[in-house]
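# Summary of the model geometry
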Amino acid sequence: IAHSPKKAMKIISSQAGWAEQDPEIWWKHMQLSTVELLKSVSIPPEQISAIGISYQMHGLVCVNKNFELVRPSIIWCDSRAIQFGDQAYQDLGEKFCLEHLLNSPGNFTASKLKWVMENERDIYHQIYKFMLVGDYIAYKLTGESTTTISALSEGMLWDFSEHHISSKLLEYYGFDSTLLPPLINTLGLQGTVHQKAADFLGIPKGIPLSYRGGDQPNNAMSLNVLHPGEVAATGGTSGVVYCVTDKLKGDPLGRVNHFAHINHSKNKPRLGVLLCINGAGIQYNWINQHVAPNGISYQTMEKEIEQIPIGSDGLNIIPFGNGAERMFGNLNTGSHINNLHFNLHTRAHLYRASLEGIAFSFVIGMEFMAELGISVESIKVGNDNLFQSKVFSNTIANLTGAEIQVIETTGAVGAAKAAGYGAGIYPSLSEALSQQNIIERYHPNNQQIEFYQASFESWKQDVDKLINSYKP
């Protein structure tokens, strides 16, 4: 109903592969969206029963003893810490990492903090607590610094085998465990809104915060994807396929990552196997901002795309321009436009080739997942991202053979329902999520599959050449 900012939030990138944001700007946009929401509904603020948070995963937020920020947040798509994660994987050993962390430490939050330790020592010594993005927003709401198992697993800080914070990784990186906030449940009372936050947001003091989850686990939960074998996907700034499993087993090649799902527990494991394409919606947004005429809508672009044939008349765009791509060993290749012909291709070809390149990236990622025994037969998606595009959704359906179900919900709706369960309004999470309306289904079209397959193979050949050119 309400959102802020109205356009994608700016990412500070002072060097190639770097990505930062000011957490205070997140908090300001939370105020703006809350004010807009309260104006647009007839519900008095006094009737707000609970708050849930969905947040961008993997970010690093560092504060001093006064809980003042000591530097901007190093966010999810920042690539600067890869060398530290790779070295940790080598030193700690594949066996330990895949059995305990279920991943390589990679470019995740713990490795980002190691980068700060090694490159900004004065700042590092000011740090009293480091948090994930959702932990920081929760602190701003409640005045209490806490974290969750789901959040710690995003940072490679949770030992799934021992079911506690990974003391071995903390020791290896040289971090004191007191830098981490206290651990609480993902679902359940996490504090209440304090007076300063209430005044800032225009809501009553004392409202319970009863849920927080990273954007991708939250998206899956919002689609009622909670049990092994169920699959969700989203096409926002990044592109994600998220499959729930109960198997504590990592990918030796690191192409996909395993995180604690919203409903994970020691005795009933629920993990999200996450395939991430960093360069997804951000590429299509770039095309909209820098190639399309000023002010043109995505709906207008879609109409123009529909006039261009499958395969964009041989034009291929590789969308890997938003930092290191995990599914290709954290290579940072940048985006590439291939086979552009000035007398043939138009703006509309660039629109379609951009969407197709993102869709093809999803497909190649799902091929990697199939190699790990993860079968994708049905995919649930929300109606608020790239899957609103028929061209995009049809491309994936035809190349994977999977049915795509577009559900009338969003991550914000899911977070609100989970907060209702966490506050005791719903008797179970399943009941909170039970009413789901399928507004569209996409199935393979047997008459078009060969055209999609031919264009995908052409694009994949360009990707293979690009990836091989970066290998030693």
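Just above, that's the structure.
These lines cover the structure that appears in this document, whether it is placed above or below. (Residues numbered from 1 in each chain as written. Predicted model: local features only at pLDDT ≥ 70, side-chain atom pairs only at ≥ 80, totals over all residues. Heavy atoms only, no water.)

To continue, consider the overall build of the protein. When helices and strands are tallied, the protein shows 17 helices and 19 strands. Taking 472 residues into account, the globule formula puts the C-alpha radius of gyration at 23 Å, and the protein, at 22 Å, falls close to it. Its C-alpha atoms give the protein principal-axis dimensions of roughly 60 × 55 × 45 Å. Counting every position in the protein, which comprises 472 residues, the buried fraction comes to 56%. As displayed, the protein offers around 20100 Å² of accessible surface, 50% of which is attributable to carbon and sulfur atoms. (Helix = DSSP H or I, 4+ residues; strand = E, 2+ residues; numbered from the N terminus. Rg over C-alpha atoms; globule rule 2.2 N^0.38 Å. Buried < 20%, exposed > 50% of the residue type's maximum accessible area, 1.4 Å probe, protein only. Areas by Shrake-Rupley, 256 points an atom, 1.4 Å probe, with all protein chains shown as cover.)

What follows deals with empty space enclosed by the protein. Tallying each qualifying case throughout the model produces 1 cavity of 30 Å³ or more. Quantified by volume, the largest cavity comes out at close to 40 Å³. Lining the largest cavity are G311, L315, N316, I317, A353, E356, G357, F360, S455 and W459. Of all elements in the fold, only β15 (316-318), α13 (347-371) and α17 (449-470) reach the threshold of two or more residues within the lining of the largest cavity. By residue class, the composition of the lining of the largest cavity is 5 nonpolar, 4 polar and 1 charged. (1 Å grid on protein atoms, 1.4 Å probe; cavity = no way out; pocket = protein on both sides within 12 Å on 5 of 7 lines; lining within 4 Å. Points joined across faces, edges and corners; volume = space filled by probe spheres on them. Nonpolar A, V, L, I, M, F, W, Y, C, P; charged D, E, K, R; others polar.)

This brings us to the pairing of strand β14 (residues 271-277). Burial of β14 is extensive: 7 of the 7 residues sit out of reach of the surface. A two-sided burial pattern is seen for β14, the buried positions comprising L271, V273, L275 and I277 on one face and G272, L274 and C276 on the other. Alignment of strand β12 (residues 239-245) against β14, held across 7 bridges, turns out to be antiparallel. Directly across from Y242, in β14, lies its bridge partner L274. For strand β13 (residues 257-260) and β14, the ladder comprises 4 bridges, and the chain directions are antiparallel. Each bridged residue has a counterpart across the sheet, and for F259 the counterpart in β14 is G272. (Pairing = 2+ DSSP bridges.)

Quick look at helix α14 (residues 390-400) now. Given 3.6 residues per turn, any residue in an α-helix points the same way as the ones three and four places further on. Of all the 11 residues making up α14, 8 are buried; the element is thus mostly covered by neighbouring parts of the structure. Residues of α14 that are buried sit in contact with α12 (298-305), α13, β18 (403-407), β19 (438-442) and α17. Two residues or fewer after α14 comes G401, characterised by a positive phi angle close to 75°. (Contact = heavy atoms within 4.5 Å.)

This brings us to the packing of α14 against α17. The geometry of a pair of packed helices is captured by two quantities: the angle between their axes and the separation between those axes. Viewed as axis vectors pointing N to C, α14 and α17 meet at an angle of 95°, and their least axial separation amounts to 9 Å. With respect to their mutual orientation, α14 and α17 come out roughly perpendicular. Facing α14, whose interface residues are N394, T395, N398 and L399, α17 presents I449, Y452, Q453 and F456. When grouped by side-chain class, the residues that make up the contact of α14 with α17 number 4 nonpolar, 4 polar and no charged. (Axes fitted to C-alpha atoms, helices over the stretch in contact; angles between N-to-C directions. Parallel < 35°, antiparallel > 145°, perpendicular 65-115°, else oblique.)

Within the secondary structure layout, A50 lies in the loop between α1 (23-40) and β2 (51-55). In this structure, the C-alpha to C-alpha distance between A50 and A416, residues 366 residues apart in sequence, is 7.7 Å. The residues touching A50, leaving out its near neighbours within four places in the chain, are I207, P208, S210, A419 and A423.

The buried fraction of helix α6 (residues 133-142) amounts to 10 of the 10 residues, a majority that puts the element mostly inside the structure. Among the residues trailing α6, G143 stands out with phi positive, at a value near 80°.

Below, the discussion takes up the pairing of β18. β18 sits mainly inside the fold: 5 of its 5 residues count as buried. Neither face of β18 is left uncovered, since the one carrying E403, Q405 and I407 and the one carrying I404 and V406 both have all their residues buried. Bridge count for strand β17 (residues 378-382) against β18 is 5 bridges, and the pairing is parallel. Across the sheet, residue V381 finds its bridge partner in β18, namely V406. Between β17 and its parallel partner β18, the chain crosses via α14, and the hand of that crossover is right-handed. In the sheet, β18 pairs with β19 via 4 bridges, with the strands oriented antiparallel. Looking at β19, one finds that V406 is bridged to E440. (Right-handed = clockwise from strand over helix to strand, strands pointing away.)

In short, geometric facts, not functional conclusions.
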